[in-house]
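One letter stands for each residue in the lines below.
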Amino acid sequence: MQVALHQQSQRSIQAGIARTLITTVLVMMPAATVLLWLGGETVRAQRALIMLAVELPILLWCLYMLLRLKPRAALVVAWLSFWGVLTLLLLTAGTLNAVPMPTLLALAVAGALSGERLLAWCAFSLSGASLLLVGVLEHQGLLALNVPPSIAGTLLGCLIALMVLALLARNMSQHVLGLYRNSVTSAARLSQLSRRLELALKAGGMCYFRLERRSLRVNLSPTAQTMLGCSVQHLALEDLPGFSAEAQNALRTHAQAMTCTGTSAPFELQLQWPDRHLWARMFLIREQGSDQLICALQDISAEKHMDETKSQFAAMVSHELRTPLTALLGSIRLLDGLYQQQLDEQGQQILNLSLRGGERLAGLVNDILDFEKMQAERLAFDLVVHDLIEQVAQSVETVHSLAQEKRLTVQVGGASQARAQLDAGRAQQVLLNLLSNAIKFSPEGGIVTVSISAHPPFWRVAVSDQGTGVPADFQDKLFQPFSQAHSDNTRETKSTGLGLAISFGLMQRMGGALWCESPPDSGATFYADFVAAAQSEEHSA
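Residues numbered from 1 in each chain as written. Predicted model: local features only at pLDDT ≥ 70, side-chain atom pairs only at ≥ 80, totals over all residues. Heavy atoms only, no water.

(A) Examining the layout of surface pockets more closely. Roughly 220 Å³ of volume is contained in the second largest pocket. If you go around the second largest pocket, you meet 15 residues; those closest to its centre are Leu197, Tyr208, Arg210, Ser221 and Ile294. Contributing elements (two or more residues each) for the lining of the second largest pocket: α6 (151–203), β1 (206–212), β2 (217–220), β6 (277–286) and β7 (292–299). Considering each element in turn, the lining of the second largest pocket owes the most residues, four residues, to β1. Its residues placed into classes, the lining of the second largest pocket shows 11 nonpolar, three polar and one charged. (1 Å grid on protein atoms, 1.4 Å probe; cavity = no way out; pocket = protein on both sides within 12 Å on 5 of 7 lines; lining within 4 Å. Points joined across faces, edges and corners; volume = space filled by probe spheres on them. Helix = DSSP H or I, 4+ residues; strand = E, 2+ residues; numbered from the N terminus. Nonpolar A, V, L, I, M, F, W, Y, C, P; charged D, E, K, R; others polar.)

Here's what the structure looks like:
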């Protein structure tokens, strides 16, 4: 923003100087010629007219340079062109006895120094033509170089020179005032943005500091000084509080690896002080054309504490809940097998209710443990080539009793042969989740369709139901953990909201994919892509 304001100011002064040059060449010089002619100074009037014609091409070239060049080079050309105009005016008044040839050469040199080589050669050509023309005029006696000075001519030249200087001073004063206003506005805005940035970083538990890649000197921001507990702003990396030798080596390694402009991958560090410690996530930013790095640091101690709490909770669930639950379910199944025939109808209902409740609770515990392991990437997979048709048949047989309770028909169709690389246990978990969901959300007496088709390099299993479908505003959240659509069906079929999230992660870990299509009020279809055996064998080879 500040650069744009500066360029705008430079362009405005270029336009002002161009207007001054045009006013001088087209108004003041002809007016001076007329005044000299009316005042009886015919020689000086003739001389002024000839000199204007001589320097007119070079002045037009200056105007073109002002509009075309970059601001800095254009200002140089503008100052040199004003020198030429003033010299021309004083020469016209008769106060100088030399033609302003240095001006013509200086303008060409300025064009060459500004990098405009073509324009510089044009300027040299115009300068040579002007010198030749002046020589011819002098030889023919049309241009008198030695003109006796007069009070009227001197006063007229000085008056015109003062007018040109006044125009120039007006443009320069406007430019200086504009620059001052822009600098004040930019400084105030920059200060305000800096304060907002500091507040935002502080609220988000973040800070930043600058690091010199070569000298490894650190420049701390106010938020970094507060977070790191350092009262010094400039210090060496080895003196940075909280950064152990291991953390310094990690930061130094990532800094040396930043050989080009961009942002590094985030990495984690443990910072330690005598009375405290914290976990930090850091990433480095290198700006274009700078050897200085911006080191952004975020306090993730709360995330680490939450991860540790989740691990402790998972361990507690596994040891304190899963073990007795397994024993309880075993006892209920044993009672069901031994005394099912001896119980009356009410006793059988109670036993079946206890068994279902225990199995549902066991499924909930298993979902929580699987999700925690998947998040921690501690799930083991045994990817082997299996018959996908057989895997689907086993899943359909498992949910057969659940489908019978709602008088549903599960139809299986599609390919007759399909071999895919998968983990049998995890694939069963995914297929059972999709089939049980389809049965849950289908109306009684409906049909659940399962089809298997080839979509190289995958085998695709599609599970379709005849329910109300997935709401459009919920489809992007369907595979997020603990997410459930709010509808009458979901109230009747309560669940943890982890099944689809776990299935989505399992399919990704097996190299496949899982997604859903649900047109309005026409049921939902879930697609699971398993890696085809031929493709997997090529990869293994």
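From this point on, the discussion continues.
(B) Inspection of unusual backbone geometry at higher detail. Cis rather than trans, the peptide bond between Pro456 and Pro457 has omega equal to 5°. Inspection of the secondary structure assignment puts Pro457 in the loop between β11 (447–455) and β12 (458–464). In this structure, Leu216 is a non-glycine residue whose phi angle is positive, near 55°. Residue position: Leu216 is located in the loop between β1 and β2.

(C) Region of interest: the pairing of β12. Counted residue by residue, β12 has six buried out of seven residues, so it is predominantly covered. Across seven bridges, the pairing between β11 and β12 is antiparallel. Opposite His455, over in β12, you have Phe458 as the bridge partner. Between β11 and the antiparallel strand that follows it, β12, lie two residues. Both β12 and strand β14 (residues 525–531) contribute to a ladder of seven bridges, which runs antiparallel. (Buried < 20%, exposed > 50% of the residue type's maximum accessible area, 1.4 Å probe, protein only. Pairing = 2+ DSSP bridges.)

(D) View of the packing of aromatic side chains. The final tally for this structure, using the stated rule, is four aromatic pairs. Consider the rings of Phe479 and Phe526, whose centres lie 6.4 Å apart with planes at 85°: the pair is edge-to-face. With a gap of 47 residues between them, Phe479 in the loop between β12 and α14 (488–492) and Phe526 in strand β14 connect regions that are remote in the sequence. On the basis of relative accessible area, Phe526 is assigned to the buried category, the value being 9%. (Phe/Tyr/Trp six-rings, centres within 6.5 Å; stacked < 30°, edge-to-face > 60°.)

(E) Spatial organisation of the pairing of β11. Here strand β9 (residues 409–414) pairs with β11 via six bridges, running parallel. Paired with Val412 across the bridge in β11 is Val450.

(F) Broad picture of the pattern of salt bridges. According to the stated counting rule, one finds five salt bridges in the structure shown. Put simply, Glu268 and Lys304 hold a salt bridge, and the shortest N to O gap is 2.9 Å. Here the residue Glu268 occupies a position in strand β5 (residues 267–272), and Lys304 occupies one in helix α9 (residues 301–339), the gap between them amounting to 36 residues. Here Glu268 falls in the partly exposed class, since its relative accessible area comes to 39%. Take Lys304: its relative accessible area is 27%, and that puts it in the partly exposed class. The partner of Glu444 in a salt bridge is Arg407, with the nearest N and O atoms 2.9 Å apart. With Glu444 in the loop between α13 (424–440) and β11 and Arg407 in the loop between α12 (400–405) and β9, the pair connects residues that are 37 residues apart, well separated along the chain. Considered together, Glu444 and Arg407 belong to a single accessibility category, that of exposed residues. (Salt bridge = Lys/Arg side-chain N within 4 Å of Asp/Glu carboxyl O.)

(G) Structural context of the sheet that holds β12. Pairing is mixed across the open sheet formed by five strands, whose spatial order is β9-β11-β12-β14-β13. The open sheet has two edge strands with one neighbour each: β9 and β13 (513–517). Each strand axis lies, on average, 20° off the axis of its neighbour in the sheet, ignoring direction. As defined by bridge partners, β13 adjoins β14 across five bridges and the pair is classed as antiparallel. Residue pairing for β14: Cys516 is matched across the bridge by Phe526. Across the sheet, helix α11 (residues 388–398) touches β9, β11, β12 and β14, and the angle it forms with β11 is around 170°. (Axes fitted to C-alpha atoms, helices over the stretch in contact; angles between N-to-C directions. Contact = heavy atoms within 4.5 Å.)

(H) Layout of the nonpolar core. Membership of the largest hydrophobic core comes to 42 residues, with the highest contact counts inside it found for Leu388, Leu434, Val461, Val463, Leu478, Phe526 and Phe530. At seven residues, the largest contribution of residues to this core is made by α13. Counting residues in hydrophobic clusters, the runner-up holds 29 residues, among them Phe209, Leu220, Met258 and Leu269. (Core = buried A, V, L, I, M, F, W, Y, C linked by side-chain atoms within 4.5 Å.)

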